[in-house]
Amino acid sequence: MLIGTATAGLCGPTGFGITAKTSVPNTDGVSQIINVVQGESSFQGYLTGYSFWDNTPPGSAAIARPVIHSRAGGTGTYGDPITIAVGYRLVNGSARLDFPAGTRFYIPAIRRYAIVEDICGDGPQPHLTGCHRGKNGAPWLDIYVGGESAGRAASDTCMRRITGMKQFIINPRKGYPVEAGALTESGCGGGIS
């Protein structure tokens, strides 16, 4: 099921075509989701990856919003989804995530479940330069590809391989096909489409 279109969306400028039960527009044209879509729905989004080597801080698996993991990771099963980072905006000095921490996704192109546990972006104003701005009118999500044991070159290759517009299923049911394992270490989702 494709979520209906709206004039304001998630994770960046208006027009992402994702609606929620309730949203509150803000001055930069972004709607913060108050009640995430109930039930399973899908949307097109821009997928990128981040690794152990280019995380903040580099050479770590630190995450900003732990839910089921204490550090970035996961095997991609429903019970052990992979950490995914999303954009945010500042509200009274605090980061308000574009998708709430704990939101689950299934990404058919890489056959993995993911869970929001991190924020996306780096530099002096990551809320303005990171995933929050979206990509070509679509939400931008950044999945952890691992790479600590495989090395930087392997994780860089994996990140390049998965980058692009993909279908995301939000609030997915259990039972989708899974190729379990950290992305870099397991060949980066052999069924990438």
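Residues numbered from 1 in each chain as written. Predicted model: local features only at pLDDT ≥ 70, side-chain atom pairs only at ≥ 80, totals over all residues. Heavy atoms only, no water.

Visitor: How should the nonpolar core be read in this particular structure?
Guide: General note: in soluble globular proteins, nonpolar side chains tend to be found buried as a group. The biggest cluster of nonpolar side chains holds 34 residues, and the ones touching the most others in it are Ile84, Phe99, Phe105, Ile107, Leu141, Ile143 and Phe168. Taken together, the elements giving at least two residues each to this core come down to strand E3 (41-51), strand E4 (82-86), strand E7 (104-107), strand E8 (112-119), strand E9 (140-146), helix H2 (152-162) and strand E10 (164-170). Per-element tally for this core: the top contributor is E9, with 5 residues. Not counting residues within four places of it along the chain, the set of residues in contact with isoleucine 107 comprises Leu47, Ile84, Arg112, Ala114, Ile143, Lys166, Gln167 and Phe168. (Core = buried A, V, L, I, M, F, W, Y, C linked by side-chain atoms within 4.5 Å. Buried < 20%, exposed > 50% of the residue type's maximum accessible area, 1.4 Å probe, protein only. Helix = DSSP H or I, 4+ residues; strand = E, 2+ residues; numbered from the N terminus. Contact = heavy atoms within 4.5 Å.)

Visitor: Can you help me understand the state of the cysteines in this one?
Guide: Scanning the entire structure with this criterion turns up 1 disulfide. One disulfide bridge connects cysteine 120 with cysteine 131, the sulfur atoms lying 2.0 Å from each other. Handedness here is read from the sign of the S-S torsion; for cysteine 120 and cysteine 131, about 55°, the answer is right-handed. Here the residue cysteine 120 occupies a position in the loop between E8 and helix H1 (126-129), and cysteine 131 occupies one in the loop between H1 and E9, the gap between them amounting to 11 residues. Relative accessible area serves as the criterion here: at 8%, cysteine 120 is assigned to the buried category. Using a relative accessible area of 0% as the deciding quantity, one classes cysteine 131 as buried. (Disulfide = S-S within 2.5 Å.)

Visitor: Whenever I open this one, the confidence of the model for the protein confuses me. Can you help?
Guide: Interpreting fine coordinate detail is not advised for predicted regions of low pLDDT. In the predicted model, the protein carries a mean pLDDT of 78, and the fraction of residues at 70 or more is 74%. Note that residues 1-36 has pLDDT below 50 and, in this model, 101 contacts with residues that lie over four places away or in other chains. (pLDDT = per-residue confidence, 0-100.)

Visitor: Help me understand the packing of aromatic side chains, please; the structure alone is not making it clear to me.
Guide: For any two aromatic rings, the description comes down to two numbers: the centre-to-centre distance and the angle of the planes. Counting across every chain of the model gives 12 aromatic pairs. Between the aromatic rings of phenylalanine 43 and phenylalanine 99, the centroid separation amounts to 5.9 Å while the plane-to-plane angle is 15°, which identifies the pairing as stacked. Placement of phenylalanine 43 in strand E3 and of phenylalanine 99 in the loop between strand E6 (94-97) and E7 is noted, with a sequence separation of 56 residues between them. In this structure, phenylalanine 43 and phenylalanine 99 share a single accessibility class: buried. With centroids separated by 6.0 Å and ring planes inclined at 80°, the aromatic side chains of phenylalanine 105 and phenylalanine 168 adopt a geometry described as edge-to-face. Taken together, the residues phenylalanine 105 in strand E7 and phenylalanine 168 in strand E10 connect sequence positions 63 residues apart. Considered together, phenylalanine 105 and phenylalanine 168 belong to a single accessibility category, that of buried residues. Cluster of aromatic residues (ring-pair linked, three or more members): Phe43, Phe99, Phe105 and Phe168. Seen from the ring of tyrosine 78, arginine 104 lies directly overhead, with NZ or CZ sitting 4.7 Å from the centre. Sitting over the face of the ring of tyrosine 176, arginine 173 holds its NZ or CZ atom 4.0 Å from the ring centroid. (Phe/Tyr/Trp six-rings, centres within 6.5 Å; stacked < 30°, edge-to-face > 60°. Lys NZ or Arg CZ within 6 Å of the ring centre and 35° of its normal.)

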